[in-house]
Amino acid sequence: MTAPAASAPLLMSRRIAQLLVGLFLYGIGIALIVRGQIGAAPWDVLTQGIAKHTGLSFGLITILTSGVVLLLWIPLRQRPGIGTVLNALLVGPSADIGLALIPTDLPLVARIFVFIAGLLVLAGATGLYIGAHFGPGPRDGLMTGLHRRTGWRIWIVRTGIEVVVVAIGWALGGNVGIGTLAFALLIGPLCGWAIPFFAIRLPTTDAATDAATEAVIEGSVVPSEPAVDSPAN
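Not measured: the values here are computed from a predicted model. (Residues numbered from 1 in each chain as written. Predicted model: local features only at pLDDT ≥ 70, side-chain atom pairs only at ≥ 80, totals over all residues. Heavy atoms only, no water.)

(A) Region of interest: the overall build of the protein. Within the protein, the regular secondary structure consists of 9 helices and 0 strands. For the protein, the α and β elements follow one another from N to C terminus as α-α-α-α-α-α-α-α-α. Here the protein holds 233 residues, and 46% of them are scored as buried. Partitioning the contacts of the protein with sequence separation of at least 6, the portion at a separation of at least 24 is 88%. (Helix = DSSP H or I, 4+ residues; strand = E, 2+ residues; numbered from the N terminus. Buried < 20%, exposed > 50% of the residue type's maximum accessible area, 1.4 Å probe, protein only. Contact = heavy atoms within 4.5 Å.)

Below you can see the structure in the form of structure tokens.
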């Protein structure tokens, strides 16, 4: 069935709002995990390591890293969607906001709860931004692009990328700990629930123009299996 034309602007407004809320909350989720101080997510370990040697803010490094990752899309022949670009630009600043608001001198029990809250917020945020259908994040697109080009299974590509990223980040002084392992084990199942829960059902259309428009909006990458990296892939 084709949705009434009058509902199309409302649907697009909902998708945009969900995308922006999801990206903002993703940054907050990252900040909560970092402030838990029991081990960061793989890409955030790298960001912490670079921050220690450059003095740049966590958010700015996140943006710059996203830019480098997007350059790696070129030989993979990936085309970013609107959500991909906004992901690269907005998650870092929202993480900086969270890091500025969340205290650092918390006791261990409180930090564990902060970490758990961050994991849940990040999973929900992933469901929101991916469910808006505007394309995957830079890191997630790198993973799916390598999967398409090499034929390797998603989990093999993802594990390989994360091992390299964690190793470099740890060598630079990033925080690797039990939280890093917990993130690796739990984020997939959590996102496996959140992504279908928040997914917006798009109306079925028979117009080639609509299909072409969606291709531009979402890019050339199908969102990966619910096993995402940080920040939004």
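So that's the structure; there's more coming.
(B) Broad picture of the environment of Pro 196. In this fold, Pro 196 is placed in helix H8 (residues 178–198). The sequence separation of Pro 196 and Ile 130 amounts to 66 residues, and the corresponding C-alpha distance is 9.3 Å.

(C) Seen up close, the environment of Trp 170. Here Trp 170 shows up in helix H7 (residues 154–171). Judged by relative accessible area, Trp 170 falls into the exposed class, the value being 60%. Each C-alpha atom, one on Trp 170 and one on Gln 48, is 8.9 Å from the other, the two residues being 122 residues apart in sequence. With near-sequence residues (within four places) excluded, Trp 170 lies in contact with Val 45 and Val 176.

(D) Spotlight on the packing of helix H1 (residues 7–36) against helix H4 (residues 82–101). Orientation of H1 relative to H4, taken along the N-to-C sense of each, is 45°, at an axis distance of 7 Å. Comparing the axis directions of H1 and H4 gives the class oblique. Where H1 crosses over H4, the handedness of that crossing is right-handed. For the pair formed by H1 and H4, the contact residues are Leu 19, Leu 20, Leu 23, Phe 24, Tyr 26, Gly 27, Ile 28, Ile 30, Ala 31, Val 34 and Arg 35 on the first element and Gly 83, Leu 86, Asn 87, Leu 90, Val 91, Ser 94, Ala 95, Ile 97, Gly 98 and Leu 99 on the second. Looking at the contact of H1 with H4, its residues break down into 15 nonpolar, 5 polar and 1 charged. (Axes fitted to C-alpha atoms, helices over the stretch in contact; angles between N-to-C directions. Parallel < 35°, antiparallel > 145°, perpendicular 65-115°, else oblique. Left-handed = near helix turned anticlockwise from the far one by under 90°. Nonpolar A, V, L, I, M, F, W, Y, C, P; charged D, E, K, R; others polar.)

(E) Highlighting the nonpolar core. Ranked by size, the top nonpolar core spans 30 residues in total, and within it Tyr 26, Ile 30, Leu 122, Phe 183 and Ile 187 carry the most contacts. With 9 residues, H1 is the largest single contributor of residues to this core. Counting residues in hydrophobic clusters, the runner-up holds 11 residues, among them Leu 76, Leu 142, Ile 154 and Val 165. (Core = buried A, V, L, I, M, F, W, Y, C linked by side-chain atoms within 4.5 Å.)

(F) Main features of the pattern of salt bridges. In total, this model carries 1 salt bridge according to the counting rule given. Here Arg 158 ties to Glu 162 by a salt bridge, and the two come within 3.3 Å at their closest N and O atoms. Placement of the pair is Arg 158 and Glu 162 together in helix H7, with a separation of 4 residues, close to one helical turn. The class of Arg 158 is buried, set by a relative accessible area of 10%. Since its relative accessible area comes to 8%, Glu 162 is described here as buried. (Salt bridge = Lys/Arg side-chain N within 4 Å of Asp/Glu carboxyl O.)

(G) The arrangement of the packing of aromatic side chains in detail. The tally for this structure, following the rule as stated, stands at 4 aromatic pairs. Look at Tyr 26 and Tyr 129: their rings are 6.3 Å apart centre to centre, the planes differ by 80°, and that puts the pair in the edge-to-face class. Of the two residues, Tyr 26 is situated in helix H1 and Tyr 129 in helix H5 (residues 108–131); the sequence distance between them amounts to 103 residues. Tyr 26 sits in the buried class, given a relative accessible area of 0%. (Phe/Tyr/Trp six-rings, centres within 6.5 Å; stacked < 30°, edge-to-face > 60°.)

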